[in-house]
Amino acid sequence: MEIETPHIGSCSKEHQKLYKEWFELADSDNDGRFTGNNAIKFLAMSNLSRQDLKLIWAIADSKRQGYLGFKEFIFCLQLVSLAQDGHEISHDLLKGDVDFENIKPPKMEGLDELLEKKRNPSILSKLDSNGEASITFQWFSSQPSQKFLSHVTSIQDGLKKLYDQKLKPLELAYCFNDFVSPSLTNSDFDAKPMVMLLGAHIGPEPTTDRFVVVMSGTDERSVPGNTIAVQADMPFTGLNTFGTAFLSKFECSQMPHPLLEHITLVDTPGVLSGEKQRTQRAYDFTGVTSWFAAKCDLILLLFDPHKLDISDEFKRVIYSLRGHDDKIRVVLNKADQVDTQQLMRVYGALMWSLGKVLNTPEVVRVYIGSFNDKPVNEDFTGPIGKELFEKEQGDLLSDLKDIPKKACDRRINEFVKRARAAKIHAYIVSHLRNEMPTFFGKASTQQRLIDNLEEEFVKVQRDHHLPLGDFPNVENFKEILRGYSFDRFDKLKPKMIQDVDDMLGYDIPDLLKSLRNPYD
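On a predicted model such as this, the values are computed, not experimentally measured, just so you know.

Observations concerning the pairing of strand S5 (residues 264–267)
Residues of S5 alternate between two faces, with Thr264 and Val266 buried on one and Leu265 and Asp267 left unburied on the opposite face. By the bridge criterion, 4 bridges tie strand S1 (residues 194–199) to S5 in an arrangement that is parallel. Looking at S5, one finds that leucine 197 is bridged to aspartate 267. When strand S2 (residues 211–216) meets S5, the two strands line up antiparallel, connected through 3 bridges. Bridge pairing links valine 214 to leucine 265 in S5.

With respect to the environment of aspartate 178
The topology assignment puts aspartate 178 in helix H8 (residues 176–179). Relative accessible area serves as the criterion here: at 42%, aspartate 178 is assigned to the partly exposed category. Taking the C-alpha atoms as reference, aspartate 178 lies 9.9 Å from leucine 481; in sequence the two are 303 residues apart. Residues contacting aspartate 178, with those up to four places away along its chain left out, are Ile480 and Tyr484.

Brief notes about helix H14 (residues 340–358)
Between the first and last C-alpha of H14 there are 26 Å, a value that for 19 residues agrees with the 27 Å anticipated at 1.5 Å per step. Among all positions of H14, only Leu343, Val346, Leu350, Ser353, Leu354, Val357 and Leu358 are buried. Taken end-on, H14 shows its buried residues confined to a sector of 115 degrees, consistent with a single buried face. Relative to its buried face, H14 has exposed residues pointing more than 90 degrees away, namely Met344, Arg345, Trp352 and Lys356.

A short note on helix H17 (residues 442–451)
Residue pairs three or four apart in sequence face the same way in an α-helix, which turns once every 3.6 residues. Those residues of H17 that sit buried are Thr445, Gln446, Leu449 and Ile450. Mapping the buried residues of H17 onto a view down its axis gives an arc of 135 degrees, with all of them on the same face. With respect to the buried face of H17, the exposed residues turned more than 90 degrees away are Ala443 and Ser444.

Some details on the packing of aromatic side chains
With the rule as written, the count across this model stands at 30 aromatic pairs. Judged by centre distance (6.4 Å) and plane angle (65 degrees), the rings of phenylalanine 211 and tyrosine 283 are edge-to-face. Here the residue phenylalanine 211 occupies a position in strand S2, and tyrosine 283 occupies one in the loop between S5 and helix H12 (285–295), the gap between them amounting to 72 residues. You'll find phenylalanine 211 and tyrosine 283 in the same group, each marked buried. Here the guanidinium or amino end of lysine 20 rests over the ring plane of phenylalanine 70, the centre of that ring lying 4.9 Å away. Directly above the ring of tyrosine 67 sits arginine 33, whose terminal nitrogen or CZ lies 4.4 Å from the centroid.

A word on the confidence of the model for the protein chain
Summary statistics for the protein chain give a mean pLDDT of 81 and a share of 84% for residues scoring 70 or more. Segment residues 1–6 is flagged for pLDDT under 50; beyond a separation of four residues in sequence, or across chains, it makes 14 contacts in the model. Across residues 126–146, where pLDDT falls below 50, the model places 27 contacts with residues more than four positions away in sequence or in other chains.

Rules and cut-offs
Residues numbered from 1 in each chain as written. Predicted model: local features only at pLDDT ≥ 70, side-chain atom pairs only at ≥ 80, totals over all residues. Heavy atoms only, no water. Buried < 20%, exposed > 50% of the residue type's maximum accessible area, 1.4 Å probe, protein only. Helix = DSSP H or I, 4+ residues; strand = E, 2+ residues; numbered from the N terminus. Pairing = 2+ DSSP bridges. Contact = heavy atoms within 4.5 Å. Expected span 1.5 Å × (residues − 1). Arc of directions from axis to C-beta. Phe/Tyr/Trp six-rings, centres within 6.5 Å; stacked < 30°, edge-to-face > 60°. Lys NZ or Arg CZ within 6 Å of the ring centre and 35° of its normal. pLDDT = per-residue confidence, 0-100.

Now the structure itself:
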């Protein structure tokens, strides 16, 4: 499955050398990214309409990162050249037979003058005949402003800085990392999109007993969990909180593959059912699944026609996915092993079972098919079933292809959710601190607050006008609270709360505005 078109960045060596010089000129702050006002001024030299340039940028920045790297820069200028030659610019160009490698560079009015000034710095001191610097000179020599956003060259960079400066201090002050999620690292922001597979039966062979992360690598190798969890450049350091019992059942498999250059797969152990459920795992399986769910961009719940019952452990796992409903997709695999009438009954039974567990008014998307490399068994399905399965497989692959494009939007969404959760957590913890007596009866008061925690949540919600649906799970919160002394919690720090409110209300919208498609 191809995620990104092989056309992007392909050109002759001669053209690549020329584009490299153009890119170095356009990238005024030398951060390897083409974005913002520089992009607008540089592409204006093509004399194309703003509408054409808006569409060209949208196609070139397919991942919606808000900037173009060198390869995307080349692809952008190739689209500019096609537009100048009269081609209609659309996404269909990528599917056509356009010879991108031999597209000639576009005509850029005034670019040769800029390049000459760069090669000969002495020219920069000269003024035009009116005694003012030329427009191109003003653009070339302009210095970025000292504002916060001027030093941010991507949405990921902006979120990193906002997290370190405004959100992380609040999390640390109120022990958010112990209650909800470990503190984020740079690797969490830079990680590729992840897809998690969950189910009792993932394949015809016996399912693995461990969590396996499948990532891109130069060669095929397997890295043990204890090793991968301490690597700062990997987004798995937060898994250390689950201990050695889990890490011994966790590993990372690396291999070269085009798909893995854009997404990472998380294969989970088969969920226990029947008598096996009585055997307790040595680690918090539900907790680990919930941790991955927060990191993943897509969660696939896998079923097959002969195993539709949802075990108690599977129910607990699905309950732990609450809050991530928009990421969940259901896959009914091996559907070619039953005939059309049986498939209708299986589908109905599956929807009935899921309705009791997911507990949402919306109908979850279910993909039906036989998702393996074998041809569809037409003895059961017939020609109509085969056509249906092919369409369903195409829809699932389209969903997977869209993941890298939506990854940036998803990262912003998760960041905002985390900020709101941290803010509510601070209100709860500081409220419990305020309810504690100064001298006597601390133990009994703390126990009373824990026992009546749901009522305390309602008080916090009323006092601060917060949405009750954003509050954490009461039972889980109680369990963690038992390990703390409430009188050691910090009192509410309004300045920290205000910083997070400003971040949500002003900083993030400004960040998105400055790094969106510059022609919007």
